[in-house]
Amino acid sequence: MPKLALAIAAVLVTAAAAQAQQAEEPPIVSSTMGELASQGYQIKAAAPNGSRYVIFMQNDKSAYACEFVNTTDTQCRLIN
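Residues numbered from 1 in each chain as written. Predicted model: local features only at pLDDT ≥ 70, side-chain atom pairs only at ≥ 80, totals over all residues. Heavy atoms only, no water.

S.K.: Explain the side chain of Ser31 to me, using residue names and the numbers behind them.
M.R.: Position of Ser31 among the secondary structure elements: in strand β1 (residues 30–31). Exposure remark for Ser31: the relative accessible area of 9% places this residue in the buried category. Here the side chain of Ser31 touches Glu35 through a polar contact of 2.7 Å, side chain to side chain. Residues within four places of Ser31 in sequence aside, it is in contact with Leu36, Tyr64, Gln75 and Cys76. (Helix = DSSP H or I, 4+ residues; strand = E, 2+ residues; numbered from the N terminus. Buried < 20%, exposed > 50% of the residue type's maximum accessible area, 1.4 Å probe, protein only. Polar contact = N/O pair within 3.5 Å; in protein donor to acceptor, adjacent residues only side chain to side chain. Contact = heavy atoms within 4.5 Å.)

S.K.: Tell me what's going on with the pairing of strand β5 (residues 73–78), and back it up with residues and numbers.
M.R.: Of the pairings in the sheet, the one linking β1 to β5 comprises two bridges and is antiparallel in character. For Ser31, the partnering residue across the bridge sits in β5 and is Cys76. As paired strands, strand β4 (residues 62–70) and β5 are joined by six bridges and run antiparallel to one another. By the bridge assignment for β5, Ala65 is matched with Arg77. (Pairing = 2+ DSSP bridges.)

S.K.: I'd like to hear about the environment of Asn80, residue by residue, with values.
M.R.: Relative to the elements of secondary structure, Asn80 occurs in the segment after β5. Separated by 19 residues in the primary sequence, Asn80 and Lys61 place their C-alpha atoms 8.4 Å from one another. Once you skip the residues sitting within four places of it in the chain, Asn80 turns out to touch Lys61, Ser62 and Ala63.

S.K.: Just give me the short version of the sheet that holds β1, but keep the residues and values in it.
M.R.: Adjacent strands of a sheet pair through backbone hydrogen bonds, lying either parallel or antiparallel. Taken in spatial order, the five strands of this open sheet run β1-β5-β4-β3-β2, and their pairing is antiparallel. In the strand order of this sheet, the two ends are held by β1 and β2 (42–49), each with one partner. As judged from the seven bridges shared by strand β3 (residues 52–59) and β4, these two strands associate in the antiparallel manner. Bridged to Phe56 within β4 is Ala65.

S.K.: Break down the pattern of salt bridges for me, citing the residues and quoting the values.
M.R.: In total, this model carries one salt bridge according to the counting rule given. Here Glu67 makes a salt bridge to Arg52, at a shortest N to O gap of 3.1 Å. Residue Glu67 is found in strand β4, and its partner Arg52 is found in strand β3; the two are separated by 15 residues along the sequence. (Salt bridge = Lys/Arg side-chain N within 4 Å of Asp/Glu carboxyl O.)

S.K.: Can you explain the environment of Arg52? Please cite residues and give values.
M.R.: Judged by relative accessible area, Arg52 falls into the partly exposed class, the value being 34%. The sequence separation of Arg52 and Glu67 amounts to 15 residues, and the corresponding C-alpha distance is 6.8 Å. Leave out the neighbours within four places in its chain, and Arg52 touches Ala47, Glu67, Phe68 and Val69.

Structural measurements only, silent on function.
Structure (structure tokens):
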């Protein structure tokens, strides 16, 4: 019985630690390449990724990575 209680306590502590780590993550900031370009972001690099491209856009100290499929289907996420 003490081993079972110890195992349950270990699982609860691990779950609490995982929950606390998830709570500290910043929210996902999403945008489009057009919106970023209108805000002064510039394309700094591009790399092929299968049938898509990953485009890196930067403005001062803020940067986004954009998954470019075609001109109407892009998805950008803040990376810093």
